[in-house]
Amino acid sequence: MAESTSNDEIIRTVTELVAAEFGRPAEELTPDLDLSAVEGADSVKVLRSVARIERTYDIELEDDQVFGFKTINHVADAVAKLIAERG
């Protein structure tokens, strides 16, 4: 992804990846939604979502971050920070 990737773009992409893994329409997932409250969510789906996000952005999130993610905003913030550090 380009260095100029905006937070809105990251949120949109993360939302789409999480929605695909959870089998939910992206429109159902808001940036502040508690991911553990999403119907059908479990730790395996969360980990697979994170793996998709890491591949998409060519980044590696730390395990302590991954297990601390509560919302799409949390994930997007971590992705944006890693992209900025790489830039």
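Refer to the preceding data block for the structure.
Everything quoted here is computed from the prediction, not taken from an experiment.

Draft legend 1. Expanded view of the overall build of the chain. If you tally the helices and strands in the chain, you get 4 helices and 0 strands. Across the chain, helices and strands are ordered from the amino to the carboxyl terminus as α-α-α-α. At 12 Å, the chain has a C-alpha radius of gyration in line with the 12 Å of a compact globule built from 87 residues. In terms of principal-axis extent, the alpha carbons of the chain reach across some 35 × 25 × 20 Å. Counting only residues that meet the buried cut, the chain has 37% of its 87 residues in that class. Taking the intrachain contacts of the chain between residues at least 6 apart in sequence as the baseline, contacts between residues at least 24 apart amount to 60%. Accessible surface, the chain: about 5,200 Å² in total, of which carbon and sulfur atoms supply 48%.

Draft legend 2. Structural context of the layout of surface pockets. Size it by volume and the largest pocket reaches roughly 240 Å³. If you go around the largest pocket, you meet 18 residues; those closest to its centre are Leu35, Ser36, Val46, Val66 and Phe69. Looking at the lining of the largest pocket, the elements with two or more residues in it are α1 (7–22) and α2 (43–57). Per element, the largest residue contribution to the lining of the largest pocket is 6 residues, and it comes from α2. Residues that form the lining of the largest pocket fall into these classes: 12 nonpolar, 3 polar and 3 charged.

Draft legend 3. Representation of the environment of Ile10 in the model. Inspection of the secondary structure puts Ile10 in helix α1. Taking relative accessible area as the criterion, Ile10 reaches 1% and is therefore assigned buried. Considered as a pair, Ile10 and Val79 are 69 residues apart in the sequence and their alpha carbons are 7.6 Å apart. Once residues within four sequence positions are removed from consideration, Ile10 is found in contact with Thr5, Tyr57, Ala76, Val79, Ala80 and Ile83.

Draft legend 4. Structural view of the nonpolar core. Counting residues in each nonpolar core, the largest one holds 24 residues, and the members touching the most others are Ile10, Ile53 and Val79. Sorting the residues of this core by element identifies α1, α2 and α4 (72–86) as the ones contributing at least two each.

Draft legend 5. Region of interest: α4. Look at α4: 21 Å from first C-alpha to last across 15 residues, which is about the 21 Å you get at 1.5 Å a residue. Buried within α4 we find Ile72, Asn73, Val75, Ala76, Ala78, Val79, Ala80 and Ile83. Buried residues in α4 make contact with α1, α2 and α3 (63–66). Put simply, Thr71 is the residue that caps the front of α4, since its side-chain oxygen is 3.3 Å from the backbone nitrogen of Asn73.

Thresholds applied
Residues numbered from 1 in each chain as written. Predicted model: local features only at pLDDT ≥ 70, side-chain atom pairs only at ≥ 80, totals over all residues. Heavy atoms only, no water. Helix = DSSP H or I, 4+ residues; strand = E, 2+ residues; numbered from the N terminus. Rg over C-alpha atoms; globule rule 2.2 N^0.38 Å. Buried < 20%, exposed > 50% of the residue type's maximum accessible area, 1.4 Å probe, protein only. Contact = heavy atoms within 4.5 Å. Areas by Shrake-Rupley, 256 points an atom, 1.4 Å probe, with all protein chains shown as cover. 1 Å grid on protein atoms, 1.4 Å probe; cavity = no way out; pocket = protein on both sides within 12 Å on 5 of 7 lines; lining within 4 Å. Points joined across faces, edges and corners; volume = space filled by probe spheres on them. Nonpolar A, V, L, I, M, F, W, Y, C, P; charged D, E, K, R; others polar. Core = buried A, V, L, I, M, F, W, Y, C linked by side-chain atoms within 4.5 Å. Expected span 1.5 Å × (residues − 1). Polar contact = N/O pair within 3.5 Å; in protein donor to acceptor, adjacent residues only side chain to side chain.

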